[in-house]
Amino acid sequence: MSTDATADRISEVSQKFGISPEDYMLPARHMINLLDPDGTLRPQDQQGTEPGHEYPLPSPARLMEAYSALVTGRRVNDQNSALVRQGRMAVYPSSHGQEACQVAAALCLEDGDWLFPTYRDTVAVLTKGVAPMEVMTSFRGEWHCGYDPKAYNCAPMATPLTTQLLHAVGVAHAAKLRGENTVVVAMCGDGATSEGDFHEALNFAAVFNLPVIFFVQNNKYAISVPFSQQSAAPSLAHKAVGYGMAGERVDGNDLMALMSVMTRAVRLAREGNGPLLIEAHTYRMQAHTNADDDKRYREDAEVIEWKAKDPVTRMQAYLDDAGLLTEEAAAKITEAAEAVAKDLRDGMNQDANTDPRELFEHVFSTKTPQLAEQQALLVDELDREEA
């Protein structure tokens, strides 16, 4: 797509909202935030919305669906952390505190849409419909991701930083060439925005007008590097205008705002308005992984401050006050979350039936001489141990 064509596209979509192309691409002047930390609905003039950046409230049914997934996600995070301590999982990058981002990213998609998660996005993958044990398979040291990506339209959780964004753009490009009405959500953290792959993915998506939503969970730390040492931009969402796409900032602990922002983004992308960059401001409440000591780079007071902004208690308070979360509904949601946790405990407490020989079978379509040599050495060693 030529520069003129890109400018024409942006001009056309901005005219639909009655704003300038610059106001369409730049994020709203204030972060989109519909609920206060105590669950109170903010006055409309304090929600961050403005012309061209309007965000209606999701329906009560939609909010209850999202809240149920949120409770399950928190329970899964806590259960997995316990399983790591018990030695049943090798590692677990908890998303405790970020669950609202992940629920919204998955729920905004339709069945034919694709999700490209990171290693920390287990809640998003669960919400996309992947079975709990399939999601967690890789964290117990298996050689495969545990599920068939094509069965769920959900890519494997990517451990290499930012590579999934390029894959997401590739899927979106292929879908467009085929004439498919597919939207792709590509997830990453703030640390990923410092990688070259981030630039390449956004630039390609914008040039070819692809239906991709780049969803950045800015949890304030790239492992131990604070966000202040990663970017001097006003926000990560402000980077969108440089690529010729729309950007938006949203409170990443406000499930209601996230659902509204992501739903609008998916609609815009599906209508052919090009890619979008969404930055969700959230916080990683626990260490980077169980191998990390977060006390070496952040203060307890900071964690306590963010605990008061918890997405679960915030949404629960709103639903309670609105009369939507009855005792019966709350009990059913808790019961469903406990059932998922039990499935994980039962599955993880069974020893995996692994064969080290499989390590060499699916690296290349044709096994290299070096791999064949390494496999032969391992087989010989295993045979001698069994003799």
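Residues numbered from 1 in each chain as written. Predicted model: local features only at pLDDT ≥ 70, side-chain atom pairs only at ≥ 80, totals over all residues. Heavy atoms only, no water.

Caption draft 1: Main features of the pattern of salt bridges. Using the criterion set out here, one finds 24 salt bridges in the structure. Across the pair Arg357 and Asp355 runs a salt bridge, and its minimum N-O distance is 3.1 Å. By relative accessible area, Arg357 is classed as partly exposed at 24%. Judged by relative accessible area, Asp355 falls into the partly exposed class, the value being 30%. Within this structure, Asp355, Arg357, Asp383 and Glu386 form a network of salt bridges that share partners. (Salt bridge = Lys/Arg side-chain N within 4 Å of Asp/Glu carboxyl O. Buried < 20%, exposed > 50% of the residue type's maximum accessible area, 1.4 Å probe, protein only.)

Caption draft 2: Inspection of the domain arrangement of the protein at higher detail. If you check the domain split of the protein, you get domain 1 (3-354) and domain 2 (355-387). If you average the C-alpha positions of domain 1 and of domain 2, the two centres end up 39 Å apart. (Domains from an automatic or database assignment.)

Caption draft 3: Geometry of helix α4 (residues 99-107). In terms of burial, α4 is a largely internal element, nine of the nine residues being buried. Every buried residue belonging to α4 is among Glu99, Ala100, Cys101, Gln102, Val103, Ala104, Ala105, Ala106 and Leu107, and all of these are buried. (Helix = DSSP H or I, 4+ residues; strand = E, 2+ residues; numbered from the N terminus.)

Caption draft 4: Region of the structure containing the packing of α4 against helix α11 (residues 255-270). For the pair α4 and α11, the least separation of the axes is 9 Å and the interaxial angle reads 30°. Relative to α11, the element α4 lies roughly parallel. The element α4 and its partner α11 pack so that their crossing is right-handed. Residues Ala100, Cys101, Val103, Ala104, Ala105 and Leu107 of α4 lie in contact with α11, whose contacting residues are Leu255, Leu258, Met259 and Met262. Looking at the contact of α4 with α11 residue by residue, the classes come out as 10 nonpolar, no polar and no charged. (Axes fitted to C-alpha atoms, helices over the stretch in contact; angles between N-to-C directions. Parallel < 35°, antiparallel > 145°, perpendicular 65-115°, else oblique. Left-handed = near helix turned anticlockwise from the far one by under 90°. Contact = heavy atoms within 4.5 Å. Nonpolar A, V, L, I, M, F, W, Y, C, P; charged D, E, K, R; others polar.)

Caption draft 5: Up close: the UniProt feature "domain: Dehydrogenase E1 component" (unreviewed entry) in the protein. Per the UniProt entry, the sites bearing "domain: Dehydrogenase E1 component" (unreviewed entry) are residues 74-341 in this numbering. Counting secondary structure, residues 74-341 comes out at 44% helix and 12% strand; the distance between its end C-alpha atoms is 10 Å. (UniProt positions renumbered as here; feature names shortened; annotations may be inferred.)

Caption draft 6: Molecular detail of the sheet that holds strand β1 (residues 114-116). If you trace the five strands from one edge of the open sheet to the other, you get β1-β2-β3-β7-β6, paired in parallel fashion. With partners counted over all chains shown, the strands left at the sheet margins are β1 and β6 (246-251), one partner each. Taking each pair of neighbouring strands and ignoring which way they run, the sheet shows an average axis angle of 20°. Here β1 runs beside strand β2 (residues 184-189); their pairing, made up of three bridges, is parallel. From the neighbouring strand, Phe116 faces β2, where its bridge partner is Ala186. (Pairing = 2+ DSSP bridges.)

Caption draft 7: Representation of the environment of Glu134 within the structure. Counting through the fold element by element, Glu134 comes out in helix α6 (residues 132-136). Classification of Glu134 by relative accessible area gives partly exposed; the value is 26%. Not counting residues within four places of it along the chain, the set of residues in contact with Glu134 comprises Cys145, Gly146, Tyr147 and Tyr152.

Caption draft 8: A look at the nonpolar core. Membership of the largest hydrophobic core comes to 75 residues, with the highest contact counts inside it found for Tyr67, Met136, Val185, Ile213, Phe215 and Met315. Counting residues per element, this core draws most heavily on α11, which supplies 11 residues. What Ile213 contacts, discounting residues up to four positions off in sequence, is Val183, Val184, Val185, Ala186, Met262, Ala265, Val266, Ala269, Leu276 and Ile278. (Core = buried A, V, L, I, M, F, W, Y, C linked by side-chain atoms within 4.5 Å.)

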